[in-house]
Amino acid sequence: MTSITHLRFRNTLLGSVAILCAGLPIQAGAQEATSEANEEIVVDPLVINAEQPETPTSPVKGYVAKRSATGSKTDTPLSEIPQSVSVIGREEMDSRGVNKVDEALRYTSGVFTQPYGSDTDTNWFYIRGFNATQTGVYLDGLQNYAFGFGSFLVNDYNLERIEVLRGAASVLYGGTNPGGMVNYVSKRPTAETQRRLELSVTDTGKFGTGVDFSDRLSDEAAYRVTGQFTAGEEYVDENEGFQGSIAPSFLWSPNEDTSLTLLSSFTFVDGQHNGGLGFLPYTGTVVDASYGKIDPETNFTEPSRDKELRRQIMVGYELEHDINDDLTFRQNARLGHTNIHEVYYYPNGYSSGGPDLARVGFEHRTRMTSVGLDNQLEQSFTTGSLNHTVLGGIDLKHYQMDQTQASPSWPETATPINPLNPVYGADQPALVPYLDQNVSMNQVGLYMQDQIKFGGGWITTLNGRYDYISTDSDDPISTYNNFSDTEGEWSGRAGLAYAFDNGLTPYVSTSTFFNPVLGSSSLGVFQPETGEQYEAGLKYEPQSFDGLFTVAVFDLTRQNVVTGTFNNERQLGEVNSRGIEFEAKANLTEELRLTAAATAFDLEVTEDEDQSVIGKQPVTVPTEMASLGLDYTFRQGMLEGFRLGGGVRYQGASYADESNEHEVPSATVFDAGIGYGVADQWDLSLNVSNLLDKEYVAGCSSITACGYAEGRSALLKLTVNW
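Report follows, based on the coordinates. (Residues numbered from 1 in each chain as written. Predicted model: local features only at pLDDT ≥ 70, side-chain atom pairs only at ≥ 80, totals over all residues. Heavy atoms only, no water.)

A word on empty space enclosed by the protein
The probe, sized like a water molecule, is rolled over the atoms to show the empty space still left.
In step 1: Applying the stated criterion across every chain, the model contains 8 cavities of 30 Å³ or more.
In step 2: Its boundaries defined by the atoms lining it, the second largest cavity holds a volume of some 350 Å³.
In step 3: Forming the walls of the second largest cavity are 28 residues, and the residues nearest its centre are Arg106, Thr113, Arg649, Gln651 and Tyr696.
In step 4: At the level of secondary structure, the elements contributing two or more residues to the lining of the second largest cavity comprise strand S7 (111-113), strand S33 (592-607), strand S34 (624-633), strand S35 (642-651) and strand S38 (667-678).
In step 5: Here the lining of the second largest cavity is built from residues that sort into 13 nonpolar, 12 polar and 3 charged. (1 Å grid on protein atoms, 1.4 Å probe; cavity = no way out; pocket = protein on both sides within 12 Å on 5 of 7 lines; lining within 4 Å. Points joined across faces, edges and corners; volume = space filled by probe spheres on them. Helix = DSSP H or I, 4+ residues; strand = E, 2+ residues; numbered from the N terminus. Nonpolar A, V, L, I, M, F, W, Y, C, P; charged D, E, K, R; others polar.)

Here's the deal with the state of the cysteines
In step 1: What the rule picks out here adds up to 1 disulfide.
In step 2: Here Cys700 engages in a disulfide with Cys706; their sulfurs sit 2.1 Å apart. Because the torsion about its S-S bond is 110°, the bridge between Cys700 and Cys706 counts as right-handed.
In step 3: Given a relative accessible area of 1%, Cys706 falls into the buried group. (Disulfide = S-S within 2.5 Å. Buried < 20%, exposed > 50% of the residue type's maximum accessible area, 1.4 Å probe, protein only.)

Focus: the nonpolar core
In step 1: Of all hydrophobic cores here, the largest spans 31 residues; its most connected members are Leu105, Phe125, Ile162, Val182 and Tyr184.
In step 2: Among the elements that take part in this core, strand S12 (residues 159-166) stands out by supplying 3 residues, more than any other.
In step 3: Not counting residues within four places of it along the chain, the set of residues in contact with Ile162 comprises Ser86, Val87, Ile88, Met93, Val101, Ala104, Leu105, Val182, Asn183 and Tyr184. (Core = buried A, V, L, I, M, F, W, Y, C linked by side-chain atoms within 4.5 Å. Contact = heavy atoms within 4.5 Å.)

Focus on the side chain of Lys100
In step 1: Within the secondary structure, Lys100 sits in the loop between helix H1 (90-96) and S7.
In step 2: If near-sequence neighbours (up to four positions away) are discounted, Lys100 is found in contact with Asp119, Thr120, Thr122, Asn123 and Asp156.

Regarding the pattern of salt bridges
In step 1: Considering all chains together, one arrives at 37 salt bridges under this definition.
In step 2: For Glu80, the salt bridge is made with Lys453, and the minimal N-O distance between the two is 3.0 Å. In this pair, Glu80 is assigned in the loop between strand S5 (76-77) and strand S6 (85-89) and Lys453 in strand S24 (residues 432-454), connecting sequence segments 373 residues apart.
In step 3: Here Glu80 falls in the buried class, since its relative accessible area comes to 17%. (Salt bridge = Lys/Arg side-chain N within 4 Å of Asp/Glu carboxyl O.)

Section: unusual backbone geometry
In step 1: The residue after Trp410, namely Pro411, is reached through a cis peptide bond having omega 10°.
In step 2: Of note, the phi angle at Gln114 is positive, near 45°, even though the residue is not glycine.
In step 3: In this fold, Gln114 is placed in the loop between S7 and strand S8 (125-127).
In step 4: A relative accessible area of 9% places Gln114 in the buried class.
In step 5: Not every positive phi belongs to a glycine, and Asn560 is a case in point at roughly 60°.
In step 6: Along the polypeptide, Asn560 turns up in strand S31 (residues 546-565).

Focus: a nonpolar patch on the surface
In step 1: A surface patch of nonpolar side chains, amounting to about 920 Å² of accessible area, comprises Leu199, Leu644, Ile674, Tyr676, Trp682, Leu684, Leu686, Leu716, Leu718, Val720 and Trp722.
In step 2: Elements with a minimum of two residues in the nonpolar patch: S38, strand S39 (682-689) and strand S42 (713-721).
In step 3: Relative to the elements of secondary structure, Trp682 occurs in strand S39.
In step 4: Overall, the relative accessible area of 32% leaves Trp682 in the partly exposed class. (Patch = residues over 30% accessible without salt bridge, like charges linked within 9 Å, V, L, I, M, F, W, Y side chains within 5 Å. Areas by Shrake-Rupley, 256 points an atom, 1.4 Å probe, with all protein chains shown as cover.)

Some remarks on the packing of aromatic side chains
In step 1: Under the definition given, this model contains 21 aromatic pairs.
In step 2: Taking 5.9 Å as the distance between ring centres and 75° as the angle between the ring planes, the aromatic pair formed by Phe213 and Trp722 counts as edge-to-face. Note that Phe213 is positioned in strand S15 (residues 207-216) and Trp722 in the segment after S42, a separation of 509 residues in sequence.
In step 3: Residue Trp722 is classed as exposed on the basis of its relative accessible area of 56%.
In step 4: Look at Tyr466 and Trp490: their rings are 4.8 Å apart centre to centre, the planes differ by 55°, and that puts the pair in the tilted class. (Phe/Tyr/Trp six-rings, centres within 6.5 Å; stacked < 30°, edge-to-face > 60°.)

Honestly, that's just the spatial picture; any functional story needs more than this.
As structure tokens, then:
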């Protein structure tokens, strides 16, 4: 008798695969009928841990992701999505010392972040020139819609991935920012037991503690709890406070066809503001005033009155059931609620007749509830030589906000303050409500997608969607905020790609979009923004190393843009964005990782009530950006476990006014990191952003509203695993 190895595959709770080997005797052939052949040879059992395949929610290996659901709502290779997509995984975020979500996208093509510096309560994103901060942010595929000061705050520590879909996304998600969207992917229960504790401190003295625990409760259930708590001072004087967020999750998988994942987070903030963030004058920041320039670390709020309080909860689930081998049902849902109370004072140009800064006192109380529900059916089938993956769905969104805003009654205003030597504590006029608004928006969308493969490499993606939107607003104080409307909108996408055997995949696509606009003017209720995008690109996955290279050219037109000033707005604008983007992510070797990006585009006002601004570039956004980052880890020898990293970031010039007479200069900054780790036991790292402490203005929304970029900042972090 002779034995051979028999392999048996076993699916675990999270789909990981263990290969179990056991000796199994069988009869040898007649030609081997010798005395040796009659002996039984027993092979000891061997256990091989196969690497778990990547999914759209799993950790990214190094810097290179292979799959995503953000650009298709199905588990699709990045190379097959007919738009430009970027994925920043947890390992890349940790290597760079990311301490806030918008910091993670500093090295991402087409994305401009932190236009006014480091904002502790908002993550700012511009994609292809358009502000995605309020209408382009998603969590696990469901929109975190924001209006006014009603927004959700998501902690980066609780995320496994941050994904960016550039360009129109309405065909999948309904109303959303035309330039693109950012999708946060939450951490989920892991296949293996995990115990992680993180301790950190910044150069300003902000201390942090992070926890990340995951384990199985049984063969069918697992849990994970992540959370981070920070307290201390930020970069600007008198800007301090506490932030805490904890995110429990639970996975139940009763059989191989069904899984239910519960996701939740609870956030608490008690802090103070950077009084001046984005509200400093052009003269005194970009160019010298008579006294020189304002110190970037100066705070112009009233510390004894300043207040930032947030109570936030988000609870949801993801249900997936395989009806059969080719048909899958998914349902994703989330309920979010936040209660925010803020009081702060900020500059508003110079006071008349002197060098002091005028100030505005401001207070708001905002209570917001958001509900998202997405039902999907995915069917795979073949018709002739065509292989289809069809997705159909119905999603619903509900957004409800009750807000009050207050400031001193005109002509009263907050007291002025010296830009070089601020003195706090002066009596301030009472803050009187001027807005008491209850606003709601409901959206129901029906969508269909067909991903077709044929001809040995051709990939066609076809999408269609219809949305019904209703909005309503009541305000007993201001008639300007009383409106009600219903609207229906179509959107579509068509993409064609060809996957060559050498890893090259060229593609073309065209799409339309819409984005609801809450508000009205003397001309009536604002209609949704609409427009179209054309994109062509090339994606390349090398065969000699692990990498993904993408280049895309695009032409994007945004219509029904609101122009004018507060209480005198018109929906008569149109803006065109066209350009080219390049991005590279590579695990060049086991030791060396690389990320690179370059963006160049024209951003131009093509229609406006003010004829003088037609042909001009909108404010704030630079149209040229580039970055390069490297990370090297020694894997053997005396320096084994030692890590070095660094990067360079460039942002081009932008403008502070619509007439393009006041330019904000370009800037180049350097980042660096160093670390040392012992296997999976512990890791100590130090990351420094803006290493040379370059002082520059990140962006301006007007000549009285500019913001300094964050200066040199350091993060020292110790991570312990057991």
